[in-house]
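So the chains spell out like this:
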Amino acid sequence: MFSKSCEYGLRAIIYIAQQTEQNNKVSLTTISEAIDSPQAFTAKILQQLTKNNVVTSIKGPYGGFVIENDKMKTVTLSEVVKILDGDSIYTGCGLGLSQCNEANPCPLHFKFIAIREQLKEMLENTSLEMLVTDMSTQNFCLKR
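Described below are features of the structure shown in this document. (Residues numbered from 1 in each chain as written. Predicted model: local features only at pLDDT ≥ 70, side-chain atom pairs only at ≥ 80, totals over all residues. Heavy atoms only, no water.)

## Describing the side chain of threonine 126
Argument step 1. Within the secondary structure, threonine 126 is located in the loop between α7 (109-124) and α8 (128-137).
Argument step 2. Within the structure, threonine 126 has its side chain in polar contact with the backbone oxygen of methionine 122 (distance 2.6 Å). (Helix = DSSP H or I, 4+ residues; strand = E, 2+ residues; numbered from the N terminus. Polar contact = N/O pair within 3.5 Å; in protein donor to acceptor, adjacent residues only side chain to side chain.)

Below you can see the structure in the form of structure tokens.
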């Protein structure tokens, strides 16, 4: 459903949020190792998230990536997906067909509409803070 960059981006932002909650700044190397992502690819993703003011990059020997407290409360997974993948996940065909629509539906079209709506609702209603809170009470993984 998500592109590879979006998958890595979601994993990275969740990891950074978790580390920020513990008052840690995390380096690119640490992030890419923690989420099992190629470092150069992770750098490009983090560059996009920094440019869109989702994460903050602090330069220098004691630097790293963090998420500001107000962003933890307000940034939703939907925003991250939109930055990295656009909104095609909410409008695109479940089979990836370019001509799929109400008048010319693919075999999954009408079933996929409900799934897209549920996904959209979940992504729009899940903040980074909510995920970090869930992670502190349960055991989750961010690697394959």
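## Quick word on the state of the cysteines
Argument step 1. Taken as a whole, this structure holds zero disulfides when the rule is applied.
Argument step 2. Looking at cysteine 100, it has no disulfide partner, and the nearest cysteine sulfur is the one in cysteine 93, 3.7 Å off.
Argument step 3. Cysteine 106 takes part in no disulfide bond, and the closest cysteine sulfur, belonging to cysteine 93, lies 3.6 Å away.
Argument step 4. By relative accessible area, which is 8% here, cysteine 106 ends up buried. (Disulfide = S-S within 2.5 Å. Buried < 20%, exposed > 50% of the residue type's maximum accessible area, 1.4 Å probe, protein only.)

## Quick look at the packing of aromatic side chains
Argument step 1. This model, assessed by the stated rule, comprises one aromatic pair.
Argument step 2. On the basis of an interplanar angle of 85° and a centroid distance of 5.5 Å, the ring pair of tyrosine 8 and phenylalanine 41 is categorised as edge-to-face. Of this pair, tyrosine 8 sits in helix α1 (residues 4-21) while phenylalanine 41 is found in helix α3 (residues 39-51), placing the two residues 33 residues apart along the sequence.
Argument step 3. Note on tyrosine 8: relative accessible area 7%, which makes it buried.
Argument step 4. Positioned above the aromatic ring of tyrosine 8, the side-chain terminus of lysine 4 is 5.8 Å from the ring centre.
Argument step 5. Over the face of the ring belonging to tyrosine 90 we find lysine 120, whose NZ or CZ atom lies 5.5 Å from the ring centre. (Phe/Tyr/Trp six-rings, centres within 6.5 Å; stacked < 30°, edge-to-face > 60°. Lys NZ or Arg CZ within 6 Å of the ring centre and 35° of its normal.)

## Focus on unusual backbone geometry
Argument step 1. With a phi close to 60°, asparagine 23 is a non-glycine residue in the positive phi region.
Argument step 2. Assignment of secondary structure puts asparagine 23 in the loop between α1 and α2 (28-35).
Argument step 3. The phi angle at asparagine 53 is positive, at roughly 60°, despite the residue not being glycine.

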